[in-house]
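# Commentary on secondary and tertiary structure
Below, each chain spelled out in residue letters.
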Amino acid sequence: MSAARSTFEEIGRAFREHQRFAILSHVRPDGDALGSQLALALSLKQLGKDVRVWNEDGMLEKYSFLARAQSLTKPPSGPEEVDVAIALDTAIQNRLGTAFQAIRTAKIWINIDHHPSNPGYGDLVYVDPTAPATGQILFELIKSERLPFDRAIAENLYVAISTDTGSFQYPNTTARTFEIAAELVRAGVDVGRINQQVYENYPRRRVELLRELLRTMRFEGGGRVASFSLSLKTAAELGVLPEDNEGLIDHLRAIRGVIVAVFFEELTDGKVRVSMRSKSEKTNVCAICQKFGGGGHTLAAGARVRGSLAEVEQRILEAICNVVGCDS
Ligand code: AMP
Ligand code: MN
Ligand code: MN
């Protein structure tokens, strides 16, 4: 397990000593990735810095309500001169996508993350696997280094932390998480409004997608393993966007007796995106996903596996059954 190798002080110094920054996060971003990027960008901009905020997929429609969401764009096609590149919430460098090429000239790489599988790439590394969200680490960094902080930053951090803790429900939620949430509310976050935007504003097609996924639902190991899958054909028929399925796997996790929930999504590049959740610390889905080239956390992990939907389903379910013992 990697640990924080650099201090907040060293990272704060790098922020103050340089001028041009690029802030990146992982492909297929979630609320923690996008909220963290925007929060840090806003703080650095207020410090007087020149900040680019790029994500391979651009700003998602579902997170476009975030404060200053429009400042996050897709990366440019050509190279750009920056002094510092910051990777947030990204366990593996190649999950940064093409933005990685755009900033080859960066003098310093800063890696801030909470994935236990993060190998600690970069010059300044702060990986805290005990933090439930990258947004929580950023809050601590901003406060400890007395970096600019306002309501817009607080809103972005609130969404980052809320989405990665399943609305403060998953076991990674600590007393400190609630203390930070209280600070964010004191800084002006409107909890009712923000939660409505995050959790009660889904497009109808997302629920139609859930209906189709439930038709494919299957159980293994006497109900300890639950899965469903999405083919390219069904995705096209429903007209869904990749972002529409974030969180749907929680419907499987929420079933009594289920220990491992899996979602299979056929991709256009001959691979299948596998999303895995565990309800038991004893069943480490990150370890299972790492066998397939993926990673993540003990209770939430993923991988992209080459093969047809049926092949990948079989291989993955077999690997899970080897761990949870489906025959017993
Ligand atoms: P997801 O199921 O996509 O919500 O991802 C759950 C967790 O696993 C997140 O923390 C991701 O960063 C991580 N993860 C997902 N896909 C991959 C992958 N292909 N490689 C490494 N980590 C992944
Ligand atoms: Mn993430
Ligand atoms: Mn995260």
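See the structure shown above.
## Section: helix α1 (residues 8-17)
- Those residues of α1 that sit buried are Phe8, Ile11, Gly12, Ala14 and Phe15. Buried residues in α1, looked at end-on, bunch into an arc of 160°, giving them a common side. Summarising the geometry of α1, the exposed residues directed more than 90 degrees from the buried face are Glu9 and Glu17.
- Contacts from the buried residues of α1 go to β1 (20-25), α2 (31-46), β4 (84-88), β5 (108-113), β6 (124-127) and α4 (134-144).

## Some details on the coordination of the manganese ion (ligand 2)
- Every protein donor of the manganese ion (ligand 2) is accounted for by His26 (NE2), Asp30 (OD), Asp30 (OD) and Asp89 (OD), and the metal-donor separations fall at 2.1 to 2.7 Å.
- Written as a sequence motif, the donor arrangement for the manganese ion (ligand 2) is H-x3-D-x58-D.
- A gap of 3.6 Å separates the manganese ion (ligand 2) and the manganese ion (ligand 3), which Asp89 links by coordinating each metal. Here Asp30 is found in the loop between β1 and α2, whereas its partner Asp89 is found in the loop between β4 and α3 (99-102), with 59 residues between them in sequence. In terms of burial, Asp30 and Asp89 fall into one category: buried.

## Digging into the packing of α4 against helix α6 (residues 175-186)
- Taken N-terminus to C-terminus, the directions of α4 and α6 make an angle of 65°; their axes are 11 Å apart at the nearest point. Between α4 and α6, the angle is such that the two are roughly perpendicular. Handedness of the α4/α6 crossing: left-handed. Where α4 abuts α6, its residues Gln136, Phe139 and Glu140 lie against Arg176, Thr177, Ile180, Glu183 and Leu184.
- Tallied by class, the residues present in the contact of α4 with α6 amount to 3 nonpolar, 2 polar and 3 charged.

## Structural notes on the site of ligand 1
- Near ligand 1, the surroundings consist of 15 residues, among which His115, Arg273, Ser275, Arg277 and His297 are the closest.
- Arg273 places a side-chain nitrogen or oxygen 3.1 Å from an oxygen atom of ligand 1.
- In this structure, His297 approaches ligand 1 through a side-chain N or O atom, which is 3.1 Å from an oxygen atom.
- Protein contact buries 86% of the 480 Å² of open area that ligand 1 shows by itself.

Definitions and limits used
- Residues numbered from 1 in each chain as written.
- Chains lettered and ligands numbered in written order.
- Predicted model: local features only at pLDDT ≥ 70, side-chain atom pairs only at ≥ 80, totals over all residues.
- Heavy atoms only, no water.
- Buried < 20%, exposed > 50% of the residue type's maximum accessible area, 1.4 Å probe, protein only.
- Helix = DSSP H or I, 4+ residues; strand = E, 2+ residues; numbered from the N terminus.
- Arc of directions from axis to C-beta.
- Contact = heavy atoms within 4.5 Å.
- Donors = N, O, S within 2.8 Å, 3.2 Å for Na, K, Ca; no water.
- Axes fitted to C-alpha atoms, helices over the stretch in contact; angles between N-to-C directions.
- Parallel < 35°, antiparallel > 145°, perpendicular 65-115°, else oblique.
- Left-handed = near helix turned anticlockwise from the far one by under 90°.
- Nonpolar A, V, L, I, M, F, W, Y, C, P; charged D, E, K, R; others polar.
- Near = heavy atom within 4 Å.
- Polar contact = N/O pair within 3.5 Å; in protein donor to acceptor, adjacent residues only side chain to side chain.
- Areas by Shrake-Rupley, 256 points an atom, 1.4 Å probe, with all protein chains shown as cover.

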